[in-house]
Amino acid sequence: MKKIILAFCLFHFAFSISAQQLSYYLPDSVSYNPVIPTPKDIIYHEVGEWHVTHDRLVNYMKAIAAAAPDRMKLETMGLSYENRPQVLLIITSKKNHANLEQIRQQHVQLTDPAQSAALNTGTMPIVVWIGHSIHGNEPSGANAALLSAYYLAAAQGKQIDELLDNVVILFDPSFNPDGLQRFSTWANQHKSKNLVSDPNSREFNEVWPGGRFNHYWFDLNRDWLPAVHVESQNRLKWFHLWKPNILTDHHEQGSNATFFFQPGVPSRVNPLTPDKNKDLTAKLGKFHAQFLDRIGSLYFTKEAYDDFYYGKGSTYPDVNGAIGILFEQASSRGHLQETANGLLSFPATIKNQFVTTLSTLEGARVLRKDFLEFQRDFYKQAANRAATYAVKGYVFGDKNDPAKTFHFAEMLKRHQIEINELPAGWNDAAFEKNSSYMVSLNQPQHSLIRAIFDKTLEYKDSLFYDITAWTMPLAFGLPYKEINTPSFAMGEKVEELKPAKQSVVGGRSEYAYLLQWEDLYAPAALNELLNAGILAKVATNQLEMPVGGVMKKFGYGTILIPVKLQRDDSETVFAKLSAVAEKYRVKITAVPTGNVNSGSDLGSSRFVTITKPSVAMITGPGVNATDAGEIWHLLDQRMNITATHLEPTVFNRISLNRYNTLIMVGGSYNELNKEKLKAWVQAGGTLLLTEEAVSWAAQNGISDVKFKKAKLPADSTQKLGYLEREQQDGAQQVRGAIFGAEADLTHPLAYGYTQSTVSLFKSNKVFMEKSKNPYATPFYYGAKPLQSGWVSKENGDVIKNSAAVVVNTSGNGRVINIADNPNFRAFWLGGSKLFMNAIFFSRIIDAASGRIDEFQGLSRFEQ
């Protein structure tokens, strides 16, 4: 009988909490304008009854903006990859709307030390950005946006009037439109009339890749600084148009947690973040605590989460004179879930997010002047920070690869960083005037420049929530240099970036053309030429020959297009090459002869015909979605190369004959037919492995890689306090640091590199031994490989003198083992060449250079 009563009570509870009226959420001391449509009027269900889809969320924002024009203005920031609108409501009082552009301009002047002193912060509104659900499967934020928008449009009385007079709210209902749409569809299609709360139910276990990510399976909450993706680029434009004082970032965490708000772990705040930022974060936290106390919600602070990496929504504002606030709500994942704290309903998660939006706005109103003055002081003090910092500026640029230089400069400009041309009379041959730029640290964005350029080797803590280093010039593989002279000349300020135009040098040839491989987009150009039926060869030797009366060197990997071997006539070949040179801005040179001054003549066997890659990548359950997404983005967005995505079940049943290149990233491949994969490689396929896939292949006899093991910490046998376990274990994780790999520039996998040290990003414990074959380790870590970031002594020792890349020969095929992630978060352009070389040139690697059994003696590393 008790079980029947309990079941009835649970059913009644589940039913009631799935269909809450607005009164469950909204303050009951406020009256609401009946003219303003409620969410249900537009989205056809109560808030929290179903998961709102992105299209309905946008429809509500449009409807409410139309119904409350005195308070709201709707802007479209841009479109996501799947062409969903990224909308922004600008919410403030009627009086402020009448002077909105003047208010914006005056507010932005706070960030300009030349103008800010004259501003009266006593009369200025504060600007607050409220942002929701950058992870699409953390939906309580976006669903709470319905309530917040309604409240801000419909609430009446002195309290709301005072709030809107003093605050301009930039209201972003969905940071990640595509992910939200994907997850809401999943959650809704698995909802039962009688809510199922069993965590094992399909409703709570999404299929791969899940709704967390954007279209390309990226975590957009790591993209605020690199801003690779269109969603981030659209958002940043509006961020810098307004320069908000506070930005909230509404997330979800594990279902058995409660609610987190910042401050985070004190020892894990980036040292570039001012103390005043921490003080204001703590003051604002008091408002969150008070508001959550009123509704009886449990919460915690100063644990688990940190403020170190500036590429997150809650940290990027911290280096821009603002305060970023992270909210983490325990996730119901569906509509009702059993947790360690009892039944957690979707409406309950929404309510906490809504309440902390209100607490943020109230705190902003009360502390308005403090935040405004902090913003002014942050930028005003930039000159003092610049004066006391040893480095005064940077020069950067790659004369061999203008595309990388352009993208780096483009990123700086996106963050409102001033860059300059090199001055007249510049005499450092490493940086040419027409392909390099300068950045002075004596400018308002001083701290952000340091966040981008600094190498970090000293830390207060050894435990991190995210990566520990991201030095951007190293990531881009871009030559750069510190300027330490107190005063130095600079050229003209760069107002607008224009990518260098390219055409075929020397015009039409009846003999041959040479495509230089150093360019970032050379693989895209080659792929397009191969698709157009052009026969191409790759130079496995350097050469030098006169071009236009000047002696010119062509490096390893130069692509030869011999005219007479084409099926097209010379005019058509020239037209195709001209189109490719212009489209990808690559350097193609016409040559009238095959006779060179040094190196190999163009008819030499040192020029090897290139096979067009036919690429597939294993995706699906067990595969690291972000690693796979980075490759998808690289091939699709940057290189215009099509790649088939094969799930293990499909791989197991189909013929693999149409593919000559197969990619596997970090993950688990328990369901993959290992013998089929091995046979495919031995038959002549190229298997390209990164991170944990390297270990998996070795364990399953597909490669011959051997591994090193880190020693246990010296104090591992000592008696330690129970609470020290997390710190001890966490210190032995490799959260993400930058290591310099030494490259054999003559090896096909290193073609196109001009620097012998290539910076790679390591965030795993895959430590490969160097091959016994002296030619099979084209990239390796030397005695002092750490360039930036935290790594424990034990892990640092095992990385020293380990292999970064190992090539194995298996039958007629090749296995390319890359221990790390050369495409990390899509901004690691310095690793792109290695990865693309593996796709295009693995088939030309001599078989003997990848065999172990032929080299039983000492390797070149041990001699």
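Predicted model, so just to flag it, every value in this text is computed and none were measured.

Within the chain, the secondary structure is distributed over 26 helices and 31 strands. In terms of overall dimensions, the chain has a C-alpha envelope of 90 × 75 × 65 Å along the principal axes. A burial count over the chain gives 60% of its 863 residues as buried. A fraction of 79% describes how many contacts in the chain between residues 6 or more apart in sequence connect residues 24 or more apart. Total accessible area on the chain is roughly 33700 Å²; 49% of this is exposed by carbon and sulfur atoms. Here the chain contributes 88 positive and 85 negative side-chain charges, whose respective centroids are spaced 1 Å apart.

Note that S771 resides in the loop between β28 (757-762) and β29 (779-788). One polar contact links the side chain of S771 to the main-chain amide nitrogen of N773, over a distance of 3.0 Å.

On to unusual backbone geometry. A cis amide bond, omega 0°, links W208 with the succeeding residue P209. Each neighbour pair has its own omega, and for Q262 with P263 the value is 25°, a cis peptide bond. Even without a glycine there, the phi angle at N83 is positive, about 60°. Here N83 lies in the loop between β2 (72-79) and β3 (85-91). Overall, N83 belongs to the exposed group, its relative accessible area being 57%. The phi dihedral of A304 is positive, around 70°, even though this residue is not glycine. Of note, A304 is situated in the loop between α11 (275-294) and β9 (323-330).

The next thing to look at is the sheet that holds strand β16 (residues 537-539). The strand order across the open sheet formed by 5 strands is β20-β15-β19-β16-β22, and the pairing between neighbours is antiparallel. Looking along the sheet, the strands with just one partner apiece sit at the ends: β20 (588-591) and β22 (607-609). Geometrically, the sheet is characterised by an average inter-axis angle of 30° between neighbouring strands, direction not taken into account. Bridge count for strand β15 (residues 512-515) against β20 is 4 bridges, and the pairing is antiparallel. In the sheet register, L514 faces β20, and the bridge partner there is T589.

This part is about the side chain of R450. Note that R450 resides in helix α16 (residues 446-453). In this structure R450 comes out as buried when scored by relative accessible area, which is 18%. When residues no more than four places from it in sequence are discounted, the contact partners of R450 are L272, Y389 and L441.

Our next topic: the pairing of strand β6 (residues 167-172). Taken across its 6 residues, β6 has 6 buried, putting it largely inside the fold. Because side chains alternate across β6, one face comprises the buried residues V167, I169 and F171, and the other comprises V168, L170 and D172, equally buried. Of the strand pairs in this sheet, β3 and β6 are connected by 3 bridges, and their pairing is antiparallel. Within β6, the position partnered with L89 by the bridge is F171.

Another aspect to go through is helix α15 (residues 402-414). Because each turn of an α-helix spans 3.6 residues, side chains separated by three or four positions in sequence point in the same direction. Compared with the 18 Å implied by 1.5 Å per residue over 13 residues, the 18 Å span of α15 between its first and last C-alpha is a close match. Listing the buried residues of α15 in full gives A403, K404, T405, F406, H407, F408, A409, M411 and L412. Here the buried face of α15 lies against β12 (393-397), β13 (436-440), α16, α17 (472-476) and α20 (625-638). Just past α15, the residue Q416 takes up positive phi, approximately 65°.

Looking now at the packing of aromatic side chains. Applying the stated criterion to the full structure yields 43 aromatic pairs. Pairing F260 with F300 gives two aromatic rings, centres 5.4 Å apart and planes at 50°, and the pair type is tilted. Here the residue F260 occupies a position in strand β8 (residues 259-261), and F300 occupies one in the loop between α11 and β9, the gap between them amounting to 40 residues. Each member of the pair, F260 together with F300, is buried. By the ring-pair criterion, three or more aromatic residues cluster together here, those being Y394, F396, F408, Y437, F453, F476 and Y480. Sitting over the face of the ring of F378, R385 holds its NZ or CZ atom 4.6 Å from the ring centroid. Directly above the aromatic system of F651 lies the positively charged group of K676, at a separation of 5.6 Å from the ring centroid.

This brings us to the pattern of salt bridges. Evaluated as defined, the whole model comprises 30 salt bridges. Here R104 ties to E101 by a salt bridge, and the two come within 2.7 Å at their closest N and O atoms. Placement of the pair is R104 and E101 together in helix α5 (residues 100-109), with a separation of 3 residues, close to one helical turn. Close ionic contact of D306 with R268 constitutes a salt bridge, the shortest N to O distance being 3.6 Å. One end of the pair, D306, is in the loop between α11 and β9; the other, R268, is in the loop between β8 and α11, with 38 residues separating them in the sequence. The pair D306 / R268 is uniform in exposure class, with both members buried. Overlapping salt bridges bring together E138, R212, D219, R222, D466 and R825 as one network.

Tracing the sequence through the fold places S201 in the loop between α9 (177-189) and α10 (230-242). Judged by relative accessible area, which is 21%, S201 ranks as partly exposed. With 107 residues separating them in the primary sequence, S201 and K94 have C-alpha atoms 49 Å apart.

The strand order across the open sheet built from 9 strands is β24-β23-β25-β26-β31-β30-β29-β27-β28, with neighbouring strands paired in mixed fashion. Looking at which strands have only one partner, the edges of the open sheet turn out to be β24 (643-646) and β28. On average, each strand axis in the sheet is inclined to that of its neighbour by 25°, with strand direction left out of account. In terms of strand pairing, β29 meets strand β30 (residues 803-810) through 2 bridges, oriented antiparallel. Counterpart to F779 in the pairing with β30 is V805. Set on the sheet, helix α23 (residues 692-699) makes contact with β25 (661-664), β26 (686-690) and β31 (813-818); between it and β26 the angle comes to about 125°.

So, on to the packing of helix α18 (residues 522-531) against helix α26 (residues 832-841). Remark: α18 packs on α26, axes separated minimally by 10 Å, with the N-to-C direction vectors making an angle of 25°. When the interaxial angle is binned, α18 and α26 end up roughly parallel. Handedness of the crossing formed by α18 with α26: left-handed. Note on element contacts: α26 touches α18 through K833, M836 and F840, opposite A522, P523, L526, N527 and L530. For the contact of α18 with α26, a count of residues per class yields 6 nonpolar, 1 polar and 1 charged.

The next thing to look at is the confidence of the model for the chain. For the chain, per-residue confidence averages 94 on the pLDDT scale, and residues scoring 70 or more make up 94% of the total. Below a pLDDT of 50 lies the segment residues 1-19, which in the model reaches 12 contacts outside its immediate sequence neighbourhood of four places, other chains included. Below a pLDDT of 50 lies the segment residues 857-863, which in the model reaches 12 contacts outside its immediate sequence neighbourhood of four places, other chains included.

Turning our eyes to something else, we now look at the environment of L79. Structurally, the position occupied by L79 is in strand β2. L79 gets classed as partly exposed once you look at its relative accessible area, which sits at 43%. In the structure, L79 is positioned 152 residues away from E231 in sequence and 7.1 Å away in space, judged by C-alpha atoms. Aside from chain neighbours lying at most four places away, what touches L79 is R84, P85, Q86, V230 and N234.

Let us now look at the environment of R71. Along the chain, R71 falls in the loop between α3 (54-67) and β2. Note on R71: relative accessible area 15%, which makes it buried. For the pair R71 and I91, spaced 20 residues apart in sequence, the C-alpha to C-alpha distance is 5.5 Å.

Scoring rules and cut-offs
All chains use their own residue numbering, which begins from 1 and follows the written sequence. Whole-chain, interface and lining totals are the exception, using all residues; otherwise, since this is a predicted model, local features are given only for residues with pLDDT of at least 70 and side-chain atom pairs are given and counted only at 80 or more. Side-chain numbers here rest on the full set of heavy atoms in the structure, without hydrogens or water. A run of H or I in DSSP becomes a helix once it reaches four residues, and a run of E becomes a strand once it reaches two; helices and strands are each numbered from the N terminus. For every residue, the accessible area obtained with a 1.4 Å probe (protein chains only) is divided by the maximum for its type, and the residue is called buried under 20%, exposed over 50%, and partly exposed between those limits. Contacts are assigned to residue pairs that have any heavy atoms within 4.5 Å of one another. Accessible surface area values rest on a Shrake-Rupley calculation with a 1.4 Å probe, where residue burial reflects the displayed protein chains alone. The charge count treats Lys and Arg as positive and Asp and Glu as negative. His and the chain ends do not count. Here the site of a charge means atom NZ of a Lys, CZ of an Arg, CG of an Asp or CD of a Glu. Contacts described as polar in this section are N or O atom pairs within 3.5 Å, which, within protein, must combine one atom able to donate a hydrogen with one able to accept it, while residues neighboring in sequence count only if both atoms come from side chains. Any two strands with at least two DSSP bridges between them are considered paired. Axis lines are fitted to C-alpha atoms, over the contacting stretch for helices. Their N-to-C directions set the angle, which ranges from 0 to 180 degrees. Expected span of a helix, by definition, is 1.5 Å for each gap between consecutive residues, and there is one gap fewer than residues. By convention, a stacked pair of Phe, Tyr or Trp rings (six-membered ring in the case of Trp) has centres within 6.5 Å and planes under 30 degrees apart, an edge-to-face pair has planes over 60 apart, and any other such pair is tilted. Remark: a charge is flagged as sitting over a ring if the NZ atom of Lys or the CZ atom of Arg is within 6 Å of the ring centre and within 35 degrees of the ring normal. Salt bridges, as used here, are contacts in which a Lys or Arg side-chain nitrogen is within 4 Å of a carboxyl oxygen on Asp or Glu. For classification purposes, angles smaller than 35 degrees are called roughly parallel, those larger than 145 roughly antiparallel, those between 65 and 115 roughly perpendicular, and all remaining angles oblique. Note on convention: the crossing is left-handed when the near helix lies turned anticlockwise from the far helix by less than a right angle, right-handed when the turn is clockwise. Ten residues, namely Ala, Val, Leu, Ile, Met, Phe, Trp, Tyr, Cys and Pro, are considered nonpolar, four, namely Asp, Glu, Lys and Arg, are considered charged, and the remaining ones, Gly among them, are considered polar. Each residue carries a pLDDT score, the predictor's own confidence in it, on a scale running from 0 to 100.

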